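Topology and contacts: notes
Residues per chain, in single letters:
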Number of protein chains: 2
Amino acid sequence: VPDLVAALATCVGEAHVLTDPGVVAGDCTDWTRRWTGRTPAVVRPGGVDEVRAVIAVCREHKVALVPQGGNTGLVGGSVPLKGEVVLSTQRLDAIAVVDELGLQVIAGAGASLAGVQVAAAAVGLRFAVDLAARDTATIGGMVATNAGGTHVLRFGSMRAQLLGIEAVLGNGSVVHHMRGLRKDNTGYDLPGLLCGSEGTLGVITAVSLRLVPQPASIAVALVGFASIGDAVRGAIELDGAIGGVEALELMLADGLAIVAAHRSVALPSVATAPATVLVEVAGDAAARVEHLAGAVGALRGVVGEPAVALDAAGRARLWQLREAHPEAAAAQGIVHKLDVTLPAAVIEGFVADVRALCGRIAPGASCLIYGHVGDGNLHVNVAGAEVDDQVDEAILEVVDRAGGSISAEHGIGTAKKAWLERVRSPGDVAAFRAIKRALDPDGIMNPNALLP
Amino acid sequence: VPDLVAALATCVGEAHVLTDPGVVAGDCTDWTRRWTGRTPAVVRPGGVDEVRAVIAVCREHKVALVPQGGNTGLVGGSVPLKGEVVLSTQRLDAIAVVDELGLQVIAGAGASLAGVQVAAAAVGLRFAVDLAARDTATIGGMVATNAGGTHVLRFGSMRAQLLGIEAVLGNGSVVHHMRGLRKDNTGYDLPGLLCGSEGTLGVITAVSLRLVPQPASIAVALVGFASIGDAVRGAIELDGAIGGVEALELMLADGLAIVAAHRSVALPSVATAPATVLVEVAGDAAARVEHLAGAVGALRGVVGEPAVALDAAGRARLWQLREAHPEAAAAQGIVHKLDVTLPAAVIEGFVADVRALCGRIAPGASCLIYGHVGDGNLHVNVAGAEVDDQVDEAILEVVDRAGGSISAEHGIGTAKKAWLERVRSPGDVAAFRAIKRALDPDGIMNPNALLP
């Protein structure tokens, strides 16, 4: 270990190799506090050459490393579970001047999501991905996990924002493809491959990100439905009938009641419907709201009058009902968080199955189900004293049988590694392993994540 | 060769191993007639297991193979240049029942683009990618080359349409990831990696494709600008100012004059402006056209009155001016077709540089420049007796110096292989080679394409 630490110091300077147990403790535990490990050193390279040097030292010393950004992941993918070196991207936080005509910006891996959002907003643009951890989550970590959020429906996840990437692979190669061109069929899609690879192939050091225009205005509506099936079909029809739909979020009556009690707010009457969909539409507000009213009128199973908000304060009031779901769940006890995708046709049956299952295995638990219904992505939060891993297993089993995905957004990490071979075909996993061996032949990159 | 042919016949049946030189001649020459090769056999597997068997036979006999769909590529990537076996996807042409609620359809690699479009339209949906070779181009070939077209601006290229993929890799693994989920962070992005790999990693056998709603109506306008720079900025501003812009196509006065003479049509007065942009907007026509007029009024450098069409016949009249560019170029002599992307800020200078360069190297040639300005993607067609590869080289040199891409849509194929290492970093190419070795260890997959 002293040799390793000394060698790392020659790469990044002594000041950027942290070994004090008190100082590195935060980097050894994940945000959910479910996974804790230990590390001989947290290194903070200041540029791509230093990252390359750190990887070379780790290969030489046969020590694995875990890349770490904001450490806000939910599947234990960014902590050193078995004594790996932590490569922190903290110092790779530069955000370049926004290219206004090219609608893009170059950001270091360690830049925060909020930093990129502010840079874009300063010139009247916006970054299309948003999520609650924006002040802490880093762009590098969000790319490595292909993060999503509430606007994937319209703009796609992080992979769809990537116009270029710089990274150092586990085999020492430096990928550098940063021209920021929207169309470029010159070789394999390295940005897309590294995006979502969870640090198992290399360390992302910088990316070029597309930006989108700020909308002239935004309208938000809550629409009530007589059933979950009506809500799913209604959401899909709304997206087809009106342009500029940015978010379609499903909430259920029991979840909304828990949120209302937790936040001590009164619910709009529409929110007592069995299923409620929050619709956000961007563009010309007047025209869109008229459209929205017409389109809602054409749907089956609509209950009550939609609650509509055009001003920022009103929109925030409606959005808080959706955004308070995780904290309302947390207030019920330890939360088991599942993040799954289902084919639209089976969502109603899935919710019934999960409720029945929770009633059977964890009868005292709260089960909040909500999420991005436009993408088929549901968050299942089960909270209560008697909830254990058996609940996760049982729910993921239902997801798999229903033809869904066990990870819509959060990734596999260490949490769902054991599941990978159950939900992906043997040929898929063989291809993953072949790619892993090719780009990280010594297996030093984030060995506890993704591949079992 | 008799052994090989017999072994292939055991895989697919004798009737599907074609060896008659007259019968296979068409498969040995590409659509542009620039590349011609020879093959011991064209094999037509009828399913994924037969594809797997054909690949196994080729590996055993140490013979390479070239996957071939509609053979409409423009870079010589689908012909057996050095005696490879041709694997035709012709029989893999099934199109499943459209999943209307899931907004998707499963298509075999050999299904035509038009076939998918018709299936989608039959249930009121559409497939977002369109291009002129729609009746012949196959879905498998379009995925393998990440094909684009006129609506990439709004919907992305083929990679953005992929919800799932089935393929047999060069190493014999069968990739099968066909749940068709919009969000699925379970491992490396195999669909995105195979898309654009030009048949060098494996044979795509089927895909799940996303579909989008049919718009209520479509408006098309031609807007004239005083300069190319004004047109580029104007196009980008229009896309930001109004929702639902589906296409932004740049045309220049000299090109439009050639088109008008070739087709014997009168040009609308706006088309005599130095630069003209065709704008297609989908959605509610009345609202959009009002928006469009307002947004155009706010731009700098607009010349004359925009020509607007709301009905199908009028739209087709405006679109034909753009779509007739390739044939008008072909009427001037042998065409050298370049397909490049440039940063928005340098497009005006690039056009001037290419015109100057053509005037110097090929003074008698016609030089038509047009394309998808919303993506920075220009098509450069140089036609005339004295045009040779020197012109291509000189133009690609300008593209590279300007920070552009030498292939926006068409791919590298065999045509631009020699350029790959000039425009991509050594680390990028090393990563390509490592991935190639991992997934196609014997190097039997399309050896003449992409990697030099």
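Look above for the structure.
The sections below set out a description of the structure shown in this document. Predicted, not measured: the structure shown is a model, and the values here were computed from it.

1. Structural notes on the overall build of chain A
- Of the regular secondary structure elements, chain A holds 17 helices and 17 strands.
- Computed over its C-alpha atoms, the radius of gyration of chain A comes to 23 Å, within 12% of the 22 Å expected for a compact globule of 452 residues.
- A principal-axis box enclosing the C-alpha atoms of chain A has dimensions of 70 × 55 × 45 Å.
- Sorting the 452 residues of chain A into buried and exposed places 61% on the buried side.
- Long-range contacts, defined here as pairs at least 24 residues apart, represent 74% of the contacts in chain A between residues at least 6 apart.
- With the model as given, the accessible surface of chain A reaches about 15,800 Å², and the carbon-plus-sulfur share is 53%.
- A gap of 3 Å separates the mean positions of the 35 positive and 47 negative side-chain charges of chain A.

2. A closer look at the relation of the copies chain B and chain A
- Between chain B and chain A, the superposition needs a rotation of 180 degrees and an axial shift of 0.0 Å, giving an RMSD of 0.0 Å. The superposition of one copy onto the other is thereby described by a two-fold rotation axis.
- Here 99% of the interface residues in chain B have copies in chain A that are interface residues too; the copies meet face to matching face.

3. With respect to the sheet that holds strand β15 (residues 335–341) of chain A
Residue and element names in this part refer to chain A.
- In space, the seven strands of this open sheet follow the order β14-β11-β13-β12-β16-β17-β15, with antiparallel pairing throughout. Each edge of the open sheet carries a strand with a single partner, namely β14 (302–309) and β15. Taking each pair of neighbouring strands and ignoring which way they run, the sheet shows an average axis angle of 15 degrees.
- The pairing of strand β11 (residues 217–225) with strand β13 (residues 275–283) spans nine bridges and is classified as antiparallel. If you follow A219 over to β13, its bridge partner there is V281.

4. Some thoughts on helix α17 (residues 426–439) of chain A
Residues and elements named next belong to chain A.
- The end-to-end C-alpha distance of α17 is 20 Å, a good match for the 20 Å that 14 residues give at a rise of 1.5 Å each.
- Within α17, ten of the 14 residues are buried, which leaves it mostly tucked inside the rest of the structure.
- All of the buried residues along α17 are G427, D428, V429, A431, F432, A434, I435, K436, A438 and L439.

5. Things to note about the pattern of salt bridges
- Applying the stated criterion to the full structure yields 38 salt bridges over all chains.
- In this structure, K183 of chain A engages D375 of chain B in a salt bridge whose closest nitrogen and oxygen atoms are separated by 3.7 Å. With K183 of chain A in the loop between β8 (174–177) and α8 (190–194) and D375 of chain B in the loop between β16 (366–372) and β17 (377–383), the pair connects residues from two separate chains.
- A relative accessible area of 9% places D375 of chain B in the buried class.

6. A look at the environment of T89 of chain B
Residue and element names in this part refer to chain B.
- With respect to the helices, strands and loops of the structure, T89 is situated in the loop between β4 (85–88) and β5 (104–108).
- Relative accessible area serves as the criterion here: at 6%, T89 is assigned to the buried category.
- On a C-alpha basis, the gap between T89 and P67 in space is 7.3 Å, while along the polypeptide they are 22 residues apart.
- Setting aside chain neighbours within four positions, we find T89 in contact with Q68, G69, A109, G110, T138 and I204.

7. Some words on the side chain of H336 of chain A
Residue and element names in this part refer to chain A.
- Along the chain, the position of H336 falls in strand β15.
- Its relative accessible area of 9% is what places H336 among the buried residues.
- In this structure the side chain of H336 is engaged in a polar contact, spanning 2.6 Å, whose partner is the side chain of D392.
- If sequence neighbours within four positions are ignored, H336 has contacts with V380, N381, V382, V387, D388, D389 and D392.

8. Quick word on the interface of chain B and chain A
- If you look at the interface, chain B gives 74 residues, while chain A gives 73 residues.
- For the pair chain B and chain A, the summed buried surface comes to about 5,700 Å²; carbon and sulfur atoms form 59% of the total.
- Of all residues in chain B, K183, N185 and Y188 of chain B bury the most surface against chain A, accounting for 19% of the area lost on that side.
- Linking chain B with chain A are eight salt bridges, by the criterion used here.
- For the salt bridge of R159 of chain A with D189 of chain B, the shortest nitrogen-to-oxygen distance reads 3.5 Å.
- The interface formed by chain B and chain A holds 32 residue pairs in polar contact (both at pLDDT 80 or more) in total.
- The element contributing the most residues to the side of chain B that touches chain A is helix α17 (residues 426–439) of chain B, with ten residues.
- Residue composition of the side of chain B that touches chain A, by class: 31 nonpolar, 27 polar and 16 charged.

9. Quick notes on the packing of aromatic side chains
- Per the stated rule, a full pass over the model turns up two aromatic pairs over all chains.
- Here the aromatic rings of Y188 of chain A and F432 of chain B are separated by 5.4 Å at their centres, their planes lie at 65 degrees, and the arrangement is edge-to-face. Taken together, the residues Y188 of chain A in the loop between β8 and α8 and F432 of chain B in helix α17 connect one chain to another.
- Judged by its relative accessible area of 0%, F432 of chain B falls in the buried class.
- Residue placement shows R422 of chain A over the ring face of W419 of chain A; its charged tip is 3.7 Å from the ring centre.

Definitions and cut-offs
- Residues numbered from 1 in each chain as written.
- Chains lettered and ligands numbered in written order.
- Predicted model: local features only at pLDDT ≥ 70, side-chain atom pairs only at ≥ 80, totals over all residues.
- Heavy atoms only, no water.
- Helix = DSSP H or I, 4+ residues; strand = E, 2+ residues; numbered from the N terminus.
- Rg over C-alpha atoms; globule rule 2.2 N^0.38 Å.
- Buried < 20%, exposed > 50% of the residue type's maximum accessible area, 1.4 Å probe, protein only.
- Contact = heavy atoms within 4.5 Å.
- Areas by Shrake-Rupley, 256 points an atom, 1.4 Å probe, with all protein chains shown as cover.
- Lys, Arg positive; Asp, Glu negative; His and termini not counted.
- Charge placed at Lys NZ, Arg CZ, Asp CG, Glu CD.
- Least-squares fit on C-alpha atoms with pLDDT ≥ 70 in both.
- Pairing = 2+ DSSP bridges.
- Axes fitted to C-alpha atoms, helices over the stretch in contact; angles between N-to-C directions.
- Expected span 1.5 Å × (residues − 1).
- Salt bridge = Lys/Arg side-chain N within 4 Å of Asp/Glu carboxyl O.
- Polar contact = N/O pair within 3.5 Å; in protein donor to acceptor, adjacent residues only side chain to side chain.
- Buried area = accessible area lost by both parts, 1.4 Å probe.
- Nonpolar A, V, L, I, M, F, W, Y, C, P; charged D, E, K, R; others polar.
- Phe/Tyr/Trp six-rings, centres within 6.5 Å; stacked < 30°, edge-to-face > 60°.
- Lys NZ or Arg CZ within 6 Å of the ring centre and 35° of its normal.

Shape descriptors only; they carry no functional weight alone.
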